[in-house]
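Descriptive structure summary
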Amino acid sequence: MTEEDEAAFDEFLAARSTALLRTAILVCGASQHDAEDLVQNALEKVYRHWSRIRHDNPDSYARRVVVNAAISVSRRRKVIREITFARPPDTPADSPDLDLRDALVAELRRLPARMRAVLVLRYWEDLSEAETAALMGCSAGTVKSQAARGLARIRERMGTREGVLG
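For the structure given in this document, a descriptive report is provided here. Since the structure is predicted, the reported quantities are computational estimates derived from the model, not experimental observations.

What follows is about the nonpolar core. Membership of the largest hydrophobic core comes to 44 residues, with the highest contact counts inside it found for F12, V46, W50, V67, L108, L119 and M136. Where this core is concerned, the elements lending two or more residues are α1 (3–28), α2 (32–48), α3 (50–53), α4 (58–76), α5 (98–110), α6 (113–124), α7 (129–136) and α8 (140–158). If one sorts the elements of this core by residue count, α1 sits on top with 10 residues. Lining this core are residues from two domains, each supplying at least three of them: domain 1 (1–84) and domain 2 (89–161). Every residue in contact with F12, bar those within four places of it in the chain, is listed here: S17, L43, V46, W50, P58, D59 and A62.

Right, let's talk about the packing of aromatic side chains for a bit. Counted under the stated rule, the structure contains four aromatic pairs. For the ring pair F9 and F12, a centre distance of 6.4 Å and an interplane angle of 40° mean the geometry is tilted. Placement of both F9 and F12 in helix α1 is noted, with a separation of three residues, approximately one turn of the helix. For F9, a relative accessible area of 7% gives the class buried. When the ring of F12 is compared with that of W50, the centres are 5.4 Å apart and the planes differ by 45°; the resulting orientation is tilted. On the criterion of sequence distance, the pair formed by F12 in helix α1 and W50 in helix α3 is long-range, its members being 38 residues apart. The exposure classification of F12 matches that of W50, with both residues buried. Aromatic rings pair up to connect F9, F12, Y47 and W50 into one cluster. Sitting above the plane of the Y123 ring, R122 keeps its charged end 5.2 Å from the centroid.

Cut-off values and rules
Residues numbered from 1 in each chain as written. Predicted model: local features only at pLDDT ≥ 70, side-chain atom pairs only at ≥ 80, totals over all residues. Heavy atoms only, no water. Core = buried A, V, L, I, M, F, W, Y, C linked by side-chain atoms within 4.5 Å. Buried < 20%, exposed > 50% of the residue type's maximum accessible area, 1.4 Å probe, protein only. Helix = DSSP H or I, 4+ residues; strand = E, 2+ residues; numbered from the N terminus. Domains from an automatic or database assignment. Contact = heavy atoms within 4.5 Å. Phe/Tyr/Trp six-rings, centres within 6.5 Å; stacked < 30°, edge-to-face > 60°. Lys NZ or Arg CZ within 6 Å of the ring centre and 35° of its normal.

Below you can see the structure in the form of structure tokens.
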């Protein structure tokens, strides 16, 4: 890898590592340590392929690696167990909506991995349906249906609160 590539990777790492960690925490629904492992593995893959992906969209590539790894881990786990969940790193501690956010995150963890990934990418990462579909390797219709079903499940479990989840 050239010095220019190394410098560009260092900039990418400084700019995007926290966002990748937040995505990993939400997508895998696991502890911060597990999410950090996912991000570390993703960054390793990004580094190995940096010269090829640098000029395309390394952020999208890294997110896709994190999401695919989280889904793979979820598929390997046959037994659902209680998971302690760390707060996303960039949420202020004095936020007035902490209880609501905690309830939403708890419901998000109860969803299947792919459905959870769709909701995180669409509504937390604010990706379009097309971007989410491309990132997950599925059709936009699948993204729409998974998002609709996931939101419906969360609404059903939480009850209908005014202003919650549209």
